[in-house]
There are 2 protein chains.
Amino acid sequence: MLRRCAMRLRTFGATPARRPGAARRLSSSEKVIHKDYALPNPSWTKDLRLLFDQFMKKCEDGSWKRLPSYRQNPTQALQEFQTRFVDSKFKKEEQMSKAQQFSRSLEEGLGFEYVMFYNNVEKRMVCLFQGGLHLQGVPGFVHGGAIATIIDITTGMCAIAEGVAMTANLNIDYKKPIPLLSVVVVNSQLQKIEGRKLFISCTIQSIDEKTLYTEATALFIKLDPDKPLT
Amino acid sequence: MLRRCAMRLRTFGATPARRPGAARRLSSSEKVIHKDYALPNPSWTKDLRLLFDQFMKKCEDGSWKRLPSYRQNPTQALQEFQTRFVDSKFKKEEQMSKAQQFSRSLEEGLGFEYVMFYNNVEKRMVCLFQGGLHLQGVPGFVHGGAIATIIDITTGMCAIAEGVAMTANLNIDYKKPIPLLSVVVVNSQLQKIEGRKLFISCTIQSIDEKTLYTEATALFIKLDPDKPLT
């Protein structure tokens, strides 16, 4: 699937959400839309804050970069995407203006709390992830669908660093259950590129790297503006 | 992963949420907890209602059965599950009482609207699914993680009809993007059983069966009470 493009638009900055120097005061709904969710909030545990601080230090020399994360795409970026890739019959713009990015749609602390960091030399995307109480599958543990979501997002962001792309395959081995409210490290690595195909591997581990929770591979396909998605 | 067990507890009725004849009036929060979400609500489109009615007709002779769906497990069922399968160090019961089933955690119409029907002779689980505006991935389409979630749930319910089980692998081919607010049919079929392994196939198609959106296979492992999950 092709949800990666949205992230590219949001995070690699095709259109900045707020232009530098723009003095207009944002309304409360605009503040929510333009809020960067990949920053600490009161629901973050000490573990997540410590890891965040460690990675922010790695960003200081420019080798790593923190990726901001929003609930909605800036209007201009959305229009650009639709013009380039989406067949006109699917452009229900009025309704779609209310749509929200799935992984940011739950309230603070209850859903996906995460932040991603990218190393362009290593072609590696790391996601620090804390699963909230509304991500439950089996009692006390994160739902397999929520795990698939965080894998899709992390491998997807790794892919779209190479160009607008869509997921074609996810193959996920669930090895151990992830307790709710624990912090885990999602590690995603670009393995090879063959034409428009991007092959990416992914693991989810405990902070101390002693527990391997999940292993996955992902295949992404670079989008072609001459071939509409639908 | 093992989120299937929760569903078994909820849907195959280890403990009924309300005992017949219990006269006590439910508080508003209890009403939310005990609400069966697998029934029509105002957000359901005409397509989803029509399909629902068709399947309800199939239930009349007992060949198919509609599965109810809740946000939380009944307390007794939760305790039974934890006693049987979860190591004591993971039993944070106080916090966990606030946990919610991931696929039911978004508000009406904005997240996963779905209902499942099971045919025990055919070993087949059908899920009628409408993806709300907060499941967005790429602009206008359902997130790959949300698609993985509905596949995990449907194949999982097919598996646990054979016994409490956990997902070990999901392998998903994303063939075409699913537009937000459209209704699709998720079809899950038990293929074979080898010891504790359950092999299940899954497709997601348009209502007219002309569009194949997604194809997947799933492997589930039956749980063993002598081997805690964690």
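Residues numbered from 1 in each chain as written. Chains lettered and ligands numbered in written order. Predicted model: local features only at pLDDT ≥ 70, side-chain atom pairs only at ≥ 80, totals over all residues. Heavy atoms only, no water.

**Regarding the overall build of chain A**
Alright, step 1. Looking only at helices and strands, one finds six helices and seven strands in chain A.
Alright, step 2. Counting from the amino terminus, chain A carries its helices and strands in the arrangement α-α-α-β-α-α-β-β-α-β-β-β-β.
Alright, step 3. Sorting the 230 residues of chain A into buried and exposed places 57% on the buried side.
Alright, step 4. Considering only intrachain contacts with a sequence separation of at least 6, the fraction spanning at least 24 residues in chain A is 72%. (Helix = DSSP H or I, 4+ residues; strand = E, 2+ residues; numbered from the N terminus. Buried < 20%, exposed > 50% of the residue type's maximum accessible area, 1.4 Å probe, protein only. Contact = heavy atoms within 4.5 Å.)

**Overview of the side chain of Gln100 of chain A**
Alright, step 1. Along the chain, Gln100 of chain A turns up in the loop between helix H5 (93-96) and strand S2 (112-119).
Alright, step 2. Overall, Gln100 of chain A belongs to the buried group, its relative accessible area being 14%.
Alright, step 3. For Gln100 of chain A, the residues in contact, after removing those within four places along its chain, are Arg71, Gln72 and Ser105 of chain A together with Leu133, His134, Leu135 and Gln136 of chain B.

**Some points on the pairing of strand S4 (residues 165-174) of chain B**
Alright, step 1. Burial within S4 of chain B is extensive, with eight of its ten residues counted as buried.
Alright, step 2. The pairing of strand S4 (residues 165-174) of chain A with S4 of chain B spans five bridges and is classified as antiparallel. Each bridged residue has a counterpart across the sheet, and for Asp173 of chain A the counterpart in S4 of chain B is Asn169 of chain B.
Alright, step 3. In terms of strand pairing, S4 of chain B meets strand S7 (residues 212-222) of chain B through nine bridges, oriented antiparallel. Each bridged residue has a counterpart across the sheet, and for Ala165 of chain B the counterpart in S7 of chain B is Lys222 of chain B. (Pairing = 2+ DSSP bridges.)

**Looking at the pairing of S7 of chain B**
Look at any regular strand and the pattern is simple: side chains alternate between the two faces of the sheet.
Alright, step 1. Pairing analysis gives nine bridges linking strand S6 (residues 197-206) of chain B to S7 of chain B, with the strands arranged antiparallel. Within S7 of chain B, the position partnered with Cys202 of chain B by the bridge is Ala216 of chain B.

**Quick look at the packing of aromatic side chains**
Alright, step 1. All chains considered together, the criterion is met by 15 aromatic pairs over all chains.
Alright, step 2. Here the aromatic rings of Phe102 of chain A and Phe112 of chain B are separated by 5.7 Å at their centres, their planes lie at 80 degrees, and the arrangement is edge-to-face. With Phe102 of chain A in the loop between H5 and S2 and Phe112 of chain B in strand S2 (residues 112-119), this residue pair bridges two chains. The same class applies to Phe102 of chain A as to Phe112 of chain B, namely buried. (Phe/Tyr/Trp six-rings, centres within 6.5 Å; stacked < 30°, edge-to-face > 60°.)

**A word on helix H3 (residues 46-59) of chain B**
Residues and elements named next belong to chain B.
Alright, step 1. Its 14 residues place the ends of H3 20 Å apart at the C-alpha level, agreeing with the 20 Å of an ideal helix rising 1.5 Å per residue.
Alright, step 2. Those residues of H3 that sit buried are Leu48, Leu51, Phe52, Phe55 and Cys59. Buried residues of H3, seen end-on, are gathered within an arc of 105 degrees and therefore sit on one face of the element. Exposed residues on H3 whose side chains face more than 90 degrees from its buried face are Lys46 and Lys57. (Expected span 1.5 Å × (residues − 1). Arc of directions from axis to C-beta.)

**Some details on the side chain of Asn41 of chain A**
Residues and elements named next belong to chain A.
Alright, step 1. Along the chain, the position of Asn41 falls in the loop between helix H2 (28-34) and helix H3 (46-59).
Alright, step 2. The class for Asn41 is buried, based on a relative accessible area of 11%.
Alright, step 3. At a separation of 2.9 Å, a polar atom in the side chain of Asn41 contacts the side chain of Glu113.
Alright, step 4. Excluding its chain neighbours within four sequence positions, the residues that come into contact with Asn41 are Arg49, Glu108 and Glu113. (Polar contact = N/O pair within 3.5 Å; in protein donor to acceptor, adjacent residues only side chain to side chain.)

**Some remarks on the confidence of the model for chain A**
All names here are of chain A.
Alright, step 1. For chain A, the average pLDDT comes to 84, and 75% of its residues sit at 70 or higher.
Alright, step 2. Note on residues 1-24: pLDDT is under 50 here. Beyond four places in sequence and across chains, it has 82 contacts.
Alright, step 3. Taken together, the chains of this predicted complex give a pTM of 0.85 and an interface ipTM of 0.85. (pLDDT = per-residue confidence, 0-100.)

**Side note on the nonpolar core**
Across soluble globular proteins, nonpolar side chains show a tendency to be buried alongside one another.
Alright, step 1. Ranked by size, the top nonpolar core spans 85 residues in total, and within it Phe129, Leu135 and Ile204 of chain A together with Phe129, Leu135 and Ile204 of chain B carry the most contacts.
Alright, step 2. In this structure, Phe129 of chain A is in contact with Leu48, Phe112, Glu113, Tyr114, Leu135, Ile150, Ser182, Val183, Val184 and Val186 of chain A, ignoring residues within four places of it in sequence. (Core = buried A, V, L, I, M, F, W, Y, C linked by side-chain atoms within 4.5 Å.)

**Examining the packing of helix H6 (residues 144-160) of chain A against helix H6 (residues 144-160) of chain B**
Alright, step 1. The interhelical angle for the contact between H6 of chain A and H6 of chain B, taken along N-to-C directions, is 155 degrees, at an axis separation of 8 Å. Considering their axes alone, H6 of chain A and H6 of chain B lie roughly antiparallel with respect to each other. As for how H6 of chain A packs across H6 of chain B, the hand of that crossing is right-handed. When H6 of chain A is examined against H6 of chain B, the residues Gly144, Gly145, Ala146, Ala148, Thr149 and Asp152 of chain A are found in contact with a partner set consisting of Gly144, Gly145, Ala146, Ala148, Thr149 and Asp152 of chain B. (Axes fitted to C-alpha atoms, helices over the stretch in contact; angles between N-to-C directions. Parallel < 35°, antiparallel > 145°, perpendicular 65-115°, else oblique. Left-handed = near helix turned anticlockwise from the far one by under 90°.)

**A few points about the pattern of salt bridges**
Alright, step 1. On inspection of all chains with the given rule, the structure shows 14 salt bridges over all chains.
Alright, step 2. With a shortest N-O distance of 2.8 Å, Asp36 of chain A and Arg66 of chain A are connected by a salt bridge. With Asp36 of chain A in the loop between H2 and H3 and Arg66 of chain A in strand S1 (residues 65-67), the pair connects residues that are 30 residues apart, well separated along the chain.
Alright, step 3. The closest approach of N and O atoms between Lys123 of chain B and Glu162 of chain B, which form a salt bridge, is 3.2 Å. Pair noted here: Lys123 of chain B is in the loop between S2 and strand S3 (124-131) and Glu162 of chain B is in the loop between H6 and S4, with a separation of 39 residues, a long-range link. (Salt bridge = Lys/Arg side-chain N within 4 Å of Asp/Glu carboxyl O.)

**Quick notes on unusual backbone geometry**
For residues that are not glycine, phi is negative in most cases, and the peptide bond is trans in most cases.
Alright, step 1. Here Leu181 of chain A, not a glycine, exhibits a phi torsion of approximately 70 degrees, which is positive.
Alright, step 2. Tracing the chain through its elements places Leu181 of chain A in the loop between S4 and strand S5 (183-194).

**Details of the environment of Tyr118 of chain B**
Residues and elements named next belong to chain B.
Alright, step 1. Here Tyr118 shows up in strand S2.
Alright, step 2. According to the relative accessible area criterion, Tyr118 is buried, its value standing at 6%.
Alright, step 3. Discounting chain neighbours no more than four positions away, the residues touching Tyr118 are Ser63, Trp64, Lys65, Leu67, Lys123, Arg124, Met125, Cys158, Ala161 and Glu162.

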